[in-house]
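What follows is each chain in one-letter form.
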Amino acid sequence: MERPSGLSSEDARRQLALDGFNELPKAGARSFWRVCIEVLHEPMLGLLLAGGLVYLALGDRAEALILLCFAMLSLSITVVQEIRTERVLEALRDLTSPRALVIRDGQRQRIPGREVVRGDLILLAEGDRVPADADLVEVTHLELDESLLTGESVPVRKRVAGSGAEPPPRPPGESEHARVYSGSLVVRGSGLATVYATGPTSEIGRIGASLAKLEGEAPRLRAETRRLVRVAAFLGIMVSLVVVLLYGMTRGDWLAALLSGIALGMAMLPEEFPVVLTVFLAMGAWRISKARVLTRRSAAIETLGATTVLCTDKTGTLTENRMSIVELWNAGGASRRLGREETVGTLEPEDADIIRIGRLASAPVPFDPMERAFLACAGPAAEGENRLVHSFGLTPHLLAMTQIWEREDRRTKLAAAKGAPEAIMQLCAIDEGRKAEISAAVDAMAARGLRVLGVAGGEWEGPELPHAQTGIPFAFLGLVGLADPLRASVPDAIRDCRRAGIRVVMITGDYPVTAREIARQAGLEHGVVVTGAEFERLDDAALQRIMRETAVFARISPEQKLRIVEAFKAQGEIVAMTGDGVNDAPSLKAAHIGVAMGGRGTDVAREASSIVLLDDDFGSIVEAIRLGRRIYDNLRKAMGFIIAVHVPIAGMALLPLVLGMPILFTPIHIAFLEMVIDPVSSLAFEAEEEEADIMARPPRKPEERLVSVSLIGWTGLCGTVAFLPVAAFAWLGARHGMAPDQLRALVFVTLVLNVISLIFVFRAFGASLRGAFLRPNRTLFSVLAAIAGLLALTLLWPQARAVFRFAPLQAEDLLLVAWSALAVLLGLEWVKKLKNPVIGRSRAATKGLT
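Since we're looking at a predicted model, the values are computed, not measured. (Residues numbered from 1 in each chain as written. Predicted model: local features only at pLDDT ≥ 70, side-chain atom pairs only at ≥ 80, totals over all residues. Heavy atoms only, no water.)

1. Considering the overall build of the chain
Our working definition: In this description a helix means any DSSP run of H or I spanning at least four residues, a strand means any run of E spanning at least two, and both kinds are numbered starting from the N terminus. To sort residues, take the accessible area from a 1.4 Å probe on protein chains only and compare it with the maximum for the residue type: under 20% means buried, over 50% means exposed, and anything in between is partly exposed. The contact definition used throughout considers only heavy atoms, calling two residues in contact when any of these lie within 4.5 Å. Note on areas: Shrake-Rupley with a 1.4 Å probe; residue coverage comes only from the protein chains shown.
Tallying secondary structure elements over the chain gives 31 helices and 22 strands in all. Relative to its 850 residues, the chain shows a buried fraction of 56%. When contacts within the chain are restricted to residue pairs at least 6 apart in sequence, those whose partners lie at least 24 apart make up 72%. Summed over all atoms, the accessible surface of the chain reaches about 35300 Å², with 59% contributed by carbon and sulfur.

2. Quick word on helix 12 (residues 349-360)
The line we're drawing: In a helix, the anticipated span is given by 1.5 Å times the number of residues less one.
Helix length check: helix 12, at 12 residues, gives a terminal C-alpha distance of 16 Å against a target of 16 Å (1.5 Å per residue), a fit within 8%. Those residues of helix 12 that fall on the buried side of the exposure criterion are Asp351, Ala352, Ile354, Ile355, Ile357, Gly358, Arg359 and Leu360.

3. Focus on the pairing of strand 4 (residues 133-145)
The test is simple: A pair of strands is treated as paired once DSSP finds two or more bridges between them.
Note: strand 4 against strand 7 (residues 185-197), 10 bridges, orientation antiparallel. Within strand 7, the position partnered with Asp135 by the bridge is Thr194. In this structure, strand 4 lies alongside strand 6 (residues 179-180), joined through two bridges in antiparallel fashion. Looking at the pairing, Asp135 lines up with Arg179 of strand 6.

4. Observations regarding unusual backbone geometry
Phi is positive for Asp105, which is not a glycine, with a value near 55 degrees. Its location among the elements puts Asp105 in the loop between strand 1 (99-104) and strand 2 (107-112). Here Ala429, not a glycine, exhibits a phi torsion of approximately 50 degrees, which is positive. Structurally, the position occupied by Ala429 is in the loop between helix 14 (421-427) and helix 15 (432-447).

5. Some remarks on the packing of helix 26 (residues 740-761) against helix 28 (residues 778-796)
As a reminder, the rule being used: Only the stretch in contact is used when fitting a helix axis, every axis being a line fitted to C-alpha atoms; angles between N-to-C directions are given from 0 to 180 degrees. Any angle between 65 and 115 degrees counts as roughly perpendicular, while under 35 counts as roughly parallel, over 145 as roughly antiparallel, and the rest as oblique.
Direction vectors running N to C along helix 26 and helix 28 enclose 175 degrees, while the axes themselves pass 12 Å from each other. Considered as vectors, helix 26 and helix 28 are oriented roughly antiparallel to each other. Counting all contacts with helix 26, which are made through Ala745, Phe748, Val749, Val752, Ile756, Ile759 and Phe760, the residues of helix 28 involved are Leu780, Phe781, Leu784, Ile787, Leu791 and Leu795.

6. Topic: the sheet that holds strand 10 (residues 324-330)
With antiparallel pairing, seven strands are arranged side by side in an open sheet as 11-10-16-15-14-13-12. Looking along the sheet, the strands with just one partner apiece sit at the ends: strand 11 (335-337) and strand 12 (387-392). For this sheet the average axis-to-axis angle between neighbouring strands, irrespective of direction, equals 25 degrees. Of the pairings in the sheet, the one linking strand 12 to strand 13 (residues 400-406) comprises five bridges and is antiparallel in character. Looking at strand 13, one finds that Arg387 is bridged to Glu406. Strands strand 10, strand 11, strand 13, strand 14 (413-419), strand 15 (451-460) and strand 16 (474-483) of the sheet are contacted by helix 12, whose axis makes an angle of about 125 degrees with strand 10. Packing against the sheet, helix 15 makes contact with strand 10, strand 15 and strand 16, and its axis sits at approximately 10 degrees to strand 16.

7. Describing the sheet that holds strand 8 (residues 293-295)
Strands sit in the order 8-22-21-20-9-17-19-18 across an open sheet of eight strands; the sheet is mixed. Pairing within the sheet leaves two strands with one partner each, and these edge strands are strand 8 and strand 18 (530-531). Of the strand pairs in this sheet, strand 9 (residues 309-312) and strand 17 (residues 503-507) are connected by four bridges, and their pairing is parallel. Counterpart to Thr312 in the pairing with strand 17 is Met506. Sheet strands in contact with helix 19 (residues 540-549) are strand 17, strand 18 and strand 19 (552-554), and its direction is about 115 degrees off that of strand 17. Sitting on the sheet, helix 20 (residues 558-570) is in contact with strand 9, strand 17, strand 19 and strand 20 (575-579), with an inclination near 160 degrees to strand 20.

8. What about the nonpolar core?
What tends to happen in soluble globular proteins is that the nonpolar side chains get buried as a cluster. Heads up, the condition is: Remark: nonpolar core denotes a set of buried residues (Ala, Val, Leu, Ile, Met, Phe, Trp, Tyr, Cys) joined through side-chain atoms within 4.5 Å.
Judged by nonpolar contacts, the single largest core of 110 residues is most densely connected at Phe618, Phe641, Met652, Leu758 and Phe762. Considering each element in turn, this core owes the most residues, 17 residues, to helix 23 (residues 619-659).

9. Observations concerning the pairing of strand 7
The element strand 7 is extensively covered by neighbouring structure, given that 10 of its 13 residues are classed as buried. One ladder, built from five bridges, connects strand 3 (residues 121-125) with strand 7; its direction is antiparallel. Counterpart to Leu121 in the pairing with strand 7 is Thr194.

10. Observations regarding the environment of Gln107
With respect to the secondary-structure elements, Gln107 resides in strand 2. Separated by 100 residues in the primary sequence, Gln107 and Leu7 have C-alpha atoms spaced 10.0 Å apart.

11. So, the confidence of the model for the chain
Test applied: Each residue carries a pLDDT score, the predictor's own confidence in it, on a scale running from 0 to 100.
Across the chain, the average pLDDT comes to 78, with 77% of residues at or above 70. Contacts for the low-pLDDT stretch residues 214-218, under 50 throughout, to residues beyond four places or in other chains number eight contacts. Note that residues 839-850 has pLDDT below 50 and, in this model, 24 contacts with residues that lie over four places away or in other chains.

In structure tokens:
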């Protein structure tokens, strides 16, 4: 039969123009300018820029420059982080964009996979990744790994459809099917296929396109921060109006009153909130990236820390997605479990023979996961000086393969066979009694979740080989049990999740027996294993009950995965979903947090996710959760500190007006305070280590606000306590006739030192004065050193004193101010020691947190 010549180059160009490139939809890949525009649309950043512009219009360049610098810093950090994330993801786009070998104009050509078109003839060989969906027209022992579509790593056999027949529509993963799918990997044999679907119309593209119909979860933290900004802005406006009215009514200068009110309002604008949010999430994403976890959307960090249910795939997530030999059963009936990475050098001779012959029955350069397991166990020297002279492949009637090796003496040949146990027993002509014994061993191994192969060996001395492997006299050597091993980090990770109050649920397309065994190894308390067929029959009431009781779902379809995620969400759970294959993508996007695997995951899965595990290590999820909780905890501390600090600032803006005193603070003083507040709240608090019980706390309630009522109450108390000595010094100094410049310096130093006291108070929600000073935080102490240096400069350098309108202070004044700040710190720590005011833990519960 004449071999097809494929498309002509001209036909291929026309088809490419008609269908477009063979690539997946990129879900709106973001350019540099698009990221910038998205950031500029944020109302928090807009508020920051607007504040700077208003000050610029009023002629107050110093405050304008400060606000605008903060705006540019916020913009730069966000843009750099987002662009870095997009670049890393772009670098990961390789699995579904292979190069392809096609026949065009009657010649073989190697072209980029994105240029494959419908009607192309593609040649497939071991190790190739299929570039597009295609119908097979020729096959030679062809097997493919379709785990990216099905989630299962066991190869599936392929065949050619009947003459003139179009292959019926069947899902990926089905054996003896006449279609191959984009993204799958050829592990054995070769084939020729005609492309019928590319890009979005392929199976992998169809699932990717379905993601557009799912609405991703809106980040709660951003919405919460916007609410805080609105509330703070409203309070700032109200305070400014009060100042304008008081100033105008008491002093009669309404223009000065208006300018004073605008200046105060701008000083009280919550510009720290957007800076803190941006820095925390950007720096948090950087910290998490050091643990090999890529954050696609920074706001997902806090939601990951609030996760209550972690839904995970089995293959490639809990397991390593590679087969390994874990059990042997030899012809003498003896069974042996193999340790991790154990090789033939540690085995008894009869067990070592099973491994060596199994290796010789495999391809010299294996791609099949099971054959790679034989190679790993037997080592590269198993072939010795033997030379491969013939291969008998698998057939639908005999699921075994044989490799014929010519020995070094050139007189005899070694036959090595492996395959389904029943096929190997057929080759060895075993009697019924012996078959029953072997079959019982097979059933026992299969019940432990193992994939079982039989191994046989024989010799051939004739010059001519038989026409079929059934003509060789084989001797049964034993059985090999293979498994996709559990990742070493998984048991500890699941224990950590349980300790943190996070429920782990395994959702897999594998068989119940295998799923149950993996759950047992992982330490997953699973109860009853629910299969996809059973799940399909559940009504709503039964579904809700099952979701509360079951932790392992087996033989689950992609649609059912999505239903499981939605059911958990309906129960009020915060759901994180991990996965790597296309079949995981819809549930990844539907979950509150989608966690994709970056090493072997598909573009579709990564685009649907919020977080990507670059090392595919399930244990990294726990580290990400820990960091997510730390970031959220520190963010609450920073927000509380910001609110507390503004209490004495607002108080000192109103106090002179109420008492008829001269205005003490001008914009330059406010600018100095901003230099204290901003780096502390955005950098120093971000660098705080987590408290000791961060992973022993249950997940916070979904409805819990970032700044709760209890936190507002605590910050109000802290701010008021810090304000009292400042107000007392201001009132007493004015009453005793202290010069205005000296009074201003005294009150300002008091306020700065009390702000520093608040820093130490907010370092931990638990009570530990020793911990407040000794817990390591290089960033914080660097900032404090800079603040101390600048404060000393304003007090000691005459030119700086003139700018700030300060007069020299006496040593006893400074000592009194220092004692007042220490009293504030000790008093607030004593209140914390009685009962944690923020998260409600008693003294016993908070003991030792720091």
